[in-house]
Amino acid sequence: MMIIESPKVLFVATMARHIKAFHIPCLTFFKEMGYEVHVAANDIDEVTILDADHIHPISIARKPFEFTNIKAYFQLKRLFSEHHFDMIHFHIPVSAAVGRLAARTTRKNGTAVLYTAHGFNFFKGSSRSSWLLYFTIEKFLSRYTDCLITINQEDYECALTRNFPVKRLEKINGMGVNLSRFFPVTNHRKQELRAKHHFNEDDFILVYAAEFSKRKNQEWLLKILPELKKEIPRIKLLLPGTGDTQTYCETLVQQLKIEECVRFLGFRKDIDEIVQLSDVGVSSSRNEGLGIHLVEDMACGKPIIATNLQGHKDLIKENYNGYLVDIENPEEIIQPLVNLYVNKELYAEMSKNALEHAHAFSLDTSMSQLAAIYHQYVTYKGVRADERTIS
């Protein structure tokens, strides 16, 4: 009796926590398709991924020119030779760059290579050096990619109009938000949550859930907060997250004497409650693939205000569910926030519109889009997906 081996899929990212945060539904999809699911990442000792059959440590670094990435290249080549993967799905620019170079041979032997670009490091308004370096790398490596998946319109159009030599180019609406967790609550419940987390009923609360980094740019909001406080005396800014620039931001808050306006919340497992008790979702990011936290805000019925850049443009319809502001002119955020603070009818309308728009970026929508892409490459119990009907 001939035994047919299960097909194998590998997910590769710089950090395993990225896989755990965004791609568990994808791992589940492949498990249900009868696949043996593998994950390769750097921080596997810190993260448990029960949905994977095998987890492989690789010495990949987040910065592109770290020496350890050379070691990661050979680790991945060895992994690819030990397992004939039917598909490899890369995430995060550095691991995708190193991985696609390492996968050239296995790709020639039939492995499908997919790459989701969670926001290119070059975009309208970014530096000339970013375009010279990162654009050149991404365009060159796209020739070793069977499917490039983008998550915002600007990146998709860039790859399309600049003739990336990729076999297939797709766009999805991000990685999706679970609408059964993020949803609007009644005003009564909102006040219960505020009491639970020690906020007042008349506080006007902004939330920006993100790692502390130069890219996420929390200092931009902190520096404009003294001016905002003059217009909105009970304003509060909640900053869930941890990261490299947190200490600097904490010092900045003290220097600006706005301690009563800012709450550093650290890593949170109850981020849904934090969003539900807030009033407005904000982002001061310098570069964003899409901004999943803003989708979570919208799903809870919160208007959003964010810097005018690639991924944010997909989420915000100006004067409909929020506002886009110039990153070079932080004072532009003042009037939109004041409008939402004083005009209850405007707030209610934008809240309704935000909730409606959020459904386009739900987990169900995202997985439906990804499944349509995967079905071009996957097998089911040894049979190619395009040879059978899959619901």
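Residues numbered from 1 in each chain as written. Predicted model: local features only at pLDDT ≥ 70, side-chain atom pairs only at ≥ 80, totals over all residues. Heavy atoms only, no water.

Student: Describe in detail the overall build of the protein, supporting the description with residues and values.
Tutor: A tally of regular secondary structure across the protein gives 16 helices and 15 strands. Taken over the C-alpha trace, the protein has a radius of gyration of 22 Å; the compact-globule value for 391 residues is 21 Å, and the two agree within 12%. Per-residue burial over the protein gives 55% buried out of 391 residues. Taking all contacts inside the protein whose residues are at least 6 apart in sequence as the whole, residues at least 24 apart take part in 69%. For the protein, the exposed surface amounts to about 18,100 Å²; the carbon and sulfur share of it is 51%. Taken together, the 47 basic and 48 acidic charged side chains of the protein have centroids lying 5 Å from each other. (Helix = DSSP H or I, 4+ residues; strand = E, 2+ residues; numbered from the N terminus. Rg over C-alpha atoms; globule rule 2.2 N^0.38 Å. Buried < 20%, exposed > 50% of the residue type's maximum accessible area, 1.4 Å probe, protein only. Contact = heavy atoms within 4.5 Å. Areas by Shrake-Rupley, 256 points an atom, 1.4 Å probe, with all protein chains shown as cover. Lys, Arg positive; Asp, Glu negative; His and termini not counted. Charge placed at Lys NZ, Arg CZ, Asp CG, Glu CD.)

Student: Describe unusual backbone geometry, with residues and values.
Tutor: The bulk of non-glycine residues show a negative phi, and the bulk of peptide bonds are trans. A positive phi angle, near 60°, is found at Lys257, a position not held by glycine. Mapped onto the secondary structure, Lys257 falls in the loop between helix 10 (246–256) and strand 10 (262–266).

Student: An account of the sheet that holds strand 3 (residues 54–57) is requested, with residue identities and associated values reported.
Tutor: As a general point, the strands of a sheet are linked pairwise by backbone hydrogen bonds and lie either parallel or antiparallel. Taken in spatial order, the seven strands line up as 3-2-1-4-5-6-7 in an open sheet, and their pairing is parallel. Lying at the two open borders of the sheet, with one neighbouring strand each, are strand 3 and strand 7 (169–171). Averaged over all pairs of adjacent strands, the angle between strand axes in this sheet comes to 20°, irrespective of strand direction. As paired strands, strand 2 (residues 36–41) and strand 3 are joined by four bridges and run parallel to one another. Of the residues in strand 3, the one forming a bridge with Val39 is Ile55. (Pairing = 2+ DSSP bridges. Axes fitted to C-alpha atoms, helices over the stretch in contact; angles between N-to-C directions.)

Student: So what's going on with the pattern of salt bridges? Residues and values would help.
Tutor: Any two side chains of opposite charge can pair, on the condition that their charged atoms come close. Inspection of every chain in the model, using the stated rule, returns 23 salt bridges. One connected set of salt bridges, linked through shared partners, spans Arg189, Glu192, Lys196 and Glu273. (Salt bridge = Lys/Arg side-chain N within 4 Å of Asp/Glu carboxyl O.)

Student: Which residues make up helix 12 (residues 292–299), and what values do they have?
Tutor: Counting buried residues in helix 12 gives seven out of eight residues, a clear majority hidden from the surface. Buried within helix 12 we find His293, Leu294, Val295, Glu296, Asp297, Met298 and Ala299. Structurally, helix 12 contributes buried residues whose contacts are with strand 8 (204–207), helix 11 (271–276), strand 11 (280–283), strand 12 (304–307), helix 13 (310–315) and helix 15 (344–358).

Student: Mind laying out the packing of helix 3 (residues 68–82) against helix 4 (residues 93–102), listing which residues take part and the relevant values?
Tutor: At a closest axis distance of 9 Å, the pairing of helix 3 and helix 4 adopts a crossing angle of 50°. If you check the angle between helix 3 and helix 4, you find them oblique. Here helix 3 runs over helix 4; the crossing is right-handed. Together, Asn69, Ala72, Tyr73, Leu76, Lys77 and Phe80 of helix 3 and Val94, Val98, Gly99, Leu101 and Ala102 of helix 4 make up the contact between the two elements. Considering only residue class, the contact of helix 3 with helix 4 consists of eight nonpolar, two polar and one charged. (Parallel < 35°, antiparallel > 145°, perpendicular 65-115°, else oblique. Left-handed = near helix turned anticlockwise from the far one by under 90°. Nonpolar A, V, L, I, M, F, W, Y, C, P; charged D, E, K, R; others polar.)

Student: Tell me about the environment of Leu290, and please be specific about residues and values.
Tutor: You can see Leu290 is positioned in the loop between strand 11 and helix 12. Distance in space between the C-alpha atoms of Leu290 and His118 is 7.6 Å, their sequence separation being 172 residues. Setting aside residues up to four positions removed in sequence, Leu290 forms contacts with Ile151, Asn173, Gly174, Gly311, His312, Asp314, Leu315 and Phe361.

Student: How would you sum up a nonpolar patch on the surface? Please name residues and give values.
Tutor: Together, Phe67, Ile70 and Phe74 line one region of the surface with nonpolar side chains, adding up to about 370 Å² of accessible area. Within the secondary structure layout, Phe74 lies in helix 3. (Patch = residues over 30% accessible without salt bridge, like charges linked within 9 Å, V, L, I, M, F, W, Y side chains within 5 Å.)

Student: An account of the packing of aromatic side chains is requested, with residue identities and associated values reported.
Tutor: Evaluated as defined, the whole model comprises 15 aromatic pairs. Relative to Phe30, the ring of Phe29 lies with its centre 5.2 Å away and its plane at 85°, an arrangement referred to as edge-to-face. The pair formed by Phe29 and Phe30 is uniform in burial state, with each residue classed as buried. With centroids separated by 5.1 Å and ring planes inclined at 85°, the aromatic side chains of Tyr73 and Phe74 adopt a geometry described as edge-to-face. One aromatic cluster is present, built from ring pairs that chain together Phe11, Phe29, Phe30, Tyr35 and Tyr374. (Phe/Tyr/Trp six-rings, centres within 6.5 Å; stacked < 30°, edge-to-face > 60°.)

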